[in-house]
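Listed here are the chains, written in short residue letters.
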Amino acid sequence: MEKGYKRKVTREITIGRKKIGAGSPILVQSMTKNKFEHPGLLKEEIRGLISSGCEIVRIAVTDKDSIAHVSSLLKEGFFNDVPLVADVQFDFELALLALEAGAHCVRINPGNIGGLQKTREVIKKAKEMDACIRIGVNSGSIDKKILRKTSNDFPQAMIESTLEYVRFFENMQFYNFKISAKASSVTDSIYVYKALSEKINYPLHLGITEAGSKFAGSIKSAVGLGILLYEGIGDTIRVSLTDDSVKEVKAGYYILNSLNLRSYGVDIISCPTCGRTKADLKSIAGEIEKITQKISVPLKIAVMGCMVNGPGEAKEADIGIALGTSKATIFLKGKVLKKVEIKDVFFEFKNELEKLLQINNVRL
Ligand code: SF4
């Protein structure tokens, strides 16, 4: 990260085999969209999430039938390396069953799980199973008593609810928990997370709830999460999108990579094109994105529409192409490697990329 950045050092917690908080990397999380009724699709989604770099997977556990599915996913080894968070609303018994089945964490909102009495049972079970809890306070489900007390000031009510839950967890001497306090308003989310970060030292899971479509949701999340992350706040993140969960993971890494907080996978630097562009750069960039989407090692690829600003402007890229009038240039770290016919540029680029990746034992 750049000058002036200082990450808040939160208390370290454990979720499965992963650590959250303290000096651990900020982890990217997502939530599955397929239902347990379609186990094939759900398994495919989980495999896709994990291969795209998702580091914590959350699944909605909605009824007792879901528990058997949770058990078999765990037995089949889906979550040996990547922890599973069972998301439970309203029914505290489901949270107990999910923990007994081996879920590494349950996400509950004490405000809708039956109050502190039922929360106490979940804490006891998490202690017994050596699991983690995510306290998830949402702007849509705040304790009515606290809302009255704060005269319907939602952000303030979210802060007060969260602090009350934290005190309760501490009184029960349970500390293996993280907190999310998501609002659908970007500014409210920033306000709430900043206030919580000042008052408590537990890891914070950042997100903007109901953020929207791929385009709108990514932008809202990038603004909200970006501001908080830049201020050193946040230990795990999720970009919520009304779209494939794998896209949530990609968006999460784009946010972290752009702040130099992680360096995961391929970063394609492509120019916006202009009147100087001599070929269909958008298609070339799209093809390159497609063939590189499973690469997890950090790699910068430049795709530039002309030689004027080509290799020079993209000299930080590991490999790149710049289109000329009749030929295209392939360059490595700002130095020209070869000139090829524009019609062959994608094929030639792919060959050079494969050679470069062989050094890292990575295949396309
Ligand atoms: S790199 Fe060249 S083609 Fe691309 S926008 Fe800049 S001037 Fe135009």
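Analysis parameters
- Residues numbered from 1 in each chain as written.
- Predicted model: local features only at pLDDT ≥ 70, side-chain atom pairs only at ≥ 80, totals over all residues.
- Heavy atoms only, no water.
- Phe/Tyr/Trp six-rings, centres within 6.5 Å; stacked < 30°, edge-to-face > 60°.
- Helix = DSSP H or I, 4+ residues; strand = E, 2+ residues; numbered from the N terminus.
- Buried < 20%, exposed > 50% of the residue type's maximum accessible area, 1.4 Å probe, protein only.
- Domains from an automatic or database assignment.
- 1 Å grid on protein atoms, 1.4 Å probe; cavity = no way out; pocket = protein on both sides within 12 Å on 5 of 7 lines; lining within 4 Å.
- Points joined across faces, edges and corners; volume = space filled by probe spheres on them.
- Patch = residues over 30% accessible without salt bridge, like charges linked within 9 Å, V, L, I, M, F, W, Y side chains within 5 Å.
- Areas by Shrake-Rupley, 256 points an atom, 1.4 Å probe, with all protein chains shown as cover.
- Salt bridge = Lys/Arg side-chain N within 4 Å of Asp/Glu carboxyl O.
- Contact = heavy atoms within 4.5 Å.
- Expected span 1.5 Å × (residues − 1).
- Arc of directions from axis to C-beta.
- Polar contact = N/O pair within 3.5 Å; in protein donor to acceptor, adjacent residues only side chain to side chain.
- Axes fitted to C-alpha atoms, helices over the stretch in contact; angles between N-to-C directions.
- Parallel < 35°, antiparallel > 145°, perpendicular 65-115°, else oblique.
- Left-handed = near helix turned anticlockwise from the far one by under 90°.
- Near = heavy atom within 4 Å.
- Nonpolar A, V, L, I, M, F, W, Y, C, P; charged D, E, K, R; others polar.

Q: What is the right way to read the packing of aromatic side chains from this model?
A: By convention here, two paired aromatic rings are described through the distance between centres and the angle between planes. Tallying each qualifying case throughout the model produces four aromatic pairs. Arranged with centres 4.0 Å apart and planes meeting at 15°, the rings of tyrosine 253 and tyrosine 264 form a pair that is stacked. With tyrosine 253 in helix α9 (residues 245-258) and tyrosine 264 in the loop between α9 and β11 (266-270), the pair connects residues that are eleven residues apart, well separated along the chain. The same class applies to tyrosine 253 as to tyrosine 264, namely buried. Following the ring pairs from residue to residue traces out a cluster consisting of Phe169, Phe174, Phe177 and Tyr202.

Q: Explain the domain arrangement of the protein to me, please; I cannot follow it from the model alone.
A: When the parts of a complex come together, some accessible area is lost, and that lost area is often taken as the interface size. In terms of domains, the protein is made up of domain 1 (13-258) and domain 2 (266-358). For domain 1 and domain 2, the distance between their C-alpha centres works out to 38 Å.

Q: Can you help me understand the layout of surface pockets in this one?
A: Empty space among the atoms becomes apparent when a probe as large as a water molecule is rolled across them. Volume-wise, the largest pocket comes out at about 540 Å³. Surrounding the largest pocket, 14 residues form its lining, Lys214, Ser218, Lys247, Tyr254 and Glu289 being those nearest its centre. For the lining of the largest pocket, the secondary structure elements donating two or more residues are α8 (214-230), α9 and α10 (281-292). Broken down by element, the residue count for the lining of the largest pocket peaks at five residues, all from α9.

Q: Is there a simple way to think about a nonpolar patch on the surface in this case?
A: Together, Phe215, Ile219, Val223 and Ile227 make up a nonpolar patch on the protein surface, roughly 390 Å² of accessible area in all. Tracing the chain through its elements places isoleucine 227 in helix α8.

Q: How do you make sense of the side chain of threonine 119 when you look at a structure like this?
A: Tracing the sequence through the fold places threonine 119 in helix α4 (residues 115-128). A residue is classified by how much of its surface remains accessible, and threonine 119, at 0% relative accessible area, is buried. Those residues within four positions of threonine 119 in sequence are excluded, and the remaining contacts are Ile108, Pro110, Ile113, Phe168 and Phe169.

Q: Help me understand the environment of lysine 282 in this model?
A: One can find lysine 282 in helix α10. A C-alpha to C-alpha distance of 38 Å links lysine 282 and serine 180, two positions 102 residues apart in sequence.

Q: Would you mind showing me how to read empty space enclosed by the protein here?
A: Summed over all chains, the structure comprises two cavities of 30 Å³ or more. By volume, the largest cavity is sized at about 220 Å³. Taken together, 14 residues form the lining of the largest cavity, with Lys250, Tyr254, Gly265, Val266 and Gln293 sitting closest to its centre. Broken down by secondary-structure element, the contributors of at least two residues to the lining of the largest cavity are α9, β11 and α10.

Q: Hey, could you run me through helix α1 (residues 39-51) in this one?
A: For the α-helix, the turn length of 3.6 residues means that residues three or four positions removed from each other point alike. Given a rise of 1.5 Å per residue, 13 residues ought to cover 18 Å, and the 18 Å separating the end C-alpha atoms of α1 matches this to within 8%. Those residues of α1 that fall on the buried side of the exposure criterion are Leu42, Glu45, Ile46 and Leu49. For α1, the arc enclosing every buried residue in end-on projection is 100°, short of the 170-degree limit, so these residues lie on one face. Those residues of α1 that are buried are in contact with β3 (27-31), β4 (56-60), α2 (64-75) and α9. The first or second residue beyond α1 is glycine 53, which carries a positive phi of 105°.

Q: Would you mind going over the pattern of salt bridges with me for this structure?
A: Any two side chains of opposite charge can pair, given that their charged atoms come close. According to the stated counting rule, one finds 22 salt bridges in the structure shown. The partner of lysine 125 in a salt bridge is glutamate 128, with the nearest N and O atoms 3.4 Å apart. On the criterion of helical spacing, the pair formed by lysine 125 and glutamate 128 is a turn pair, its members being three residues apart in helix α4. Between lysine 355 and glutamate 352 there is a salt bridge whose closest N-O contact spans 3.2 Å. Of this pair, lysine 355 and glutamate 352 both sit in helix α12 (residues 345-358), three residues apart, which is roughly one turn of the helix. Lysine 355 gets classed as partly exposed once you look at its relative accessible area, which sits at 48%.

Q: Teacher, can you tell me more about the side chain of arginine 262 here?
A: Structurally, arginine 262 is set in the loop between α9 and β11. Arginine 262 gets classed as buried once you look at its relative accessible area, which sits at 17%. In this structure the side chain of arginine 262 is engaged in a polar contact, spanning 2.6 Å, whose partner is the backbone oxygen of isoleucine 26. A distance of 2.8 Å separates a polar atom in the side chain of arginine 262 from a polar atom in the side chain of glutamate 55. When near neighbours in sequence (up to four residues on either side) are disregarded, arginine 262 contacts Pro25, Ile26, Leu27, Glu55, Tyr253, Leu256 and Asn257.

Q: Quick question: what am I supposed to make of the packing of helix α7 (residues 186-199) against α8 here?
A: For any two helices packed against each other, one specifies the crossing angle of their axes together with the interaxial distance. Put simply, α7 and α8 touch, their axes get as near as 10 Å, and they point 20° apart. In terms of orientation, α7 lies roughly parallel with respect to α8. In this structure, the crossing between α7 and α8 has a hand that is right-handed. Touching Val186, Ser189, Ile190, Tyr193 and Lys194 of α7 are Lys220, Val223, Gly224, Ile227 and Leu228, all from α8.

Q: Please clarify how the site of the ligand should be interpreted in this entry.
A: Taken together, the neighbourhood of the ligand is formed by Cys271, Pro272, Thr273, Cys274, Arg276, Thr277, Gly305, Cys306 and Asn309. The residue makeup of the shell around the ligand, split by class, is four nonpolar, four polar and one charged.

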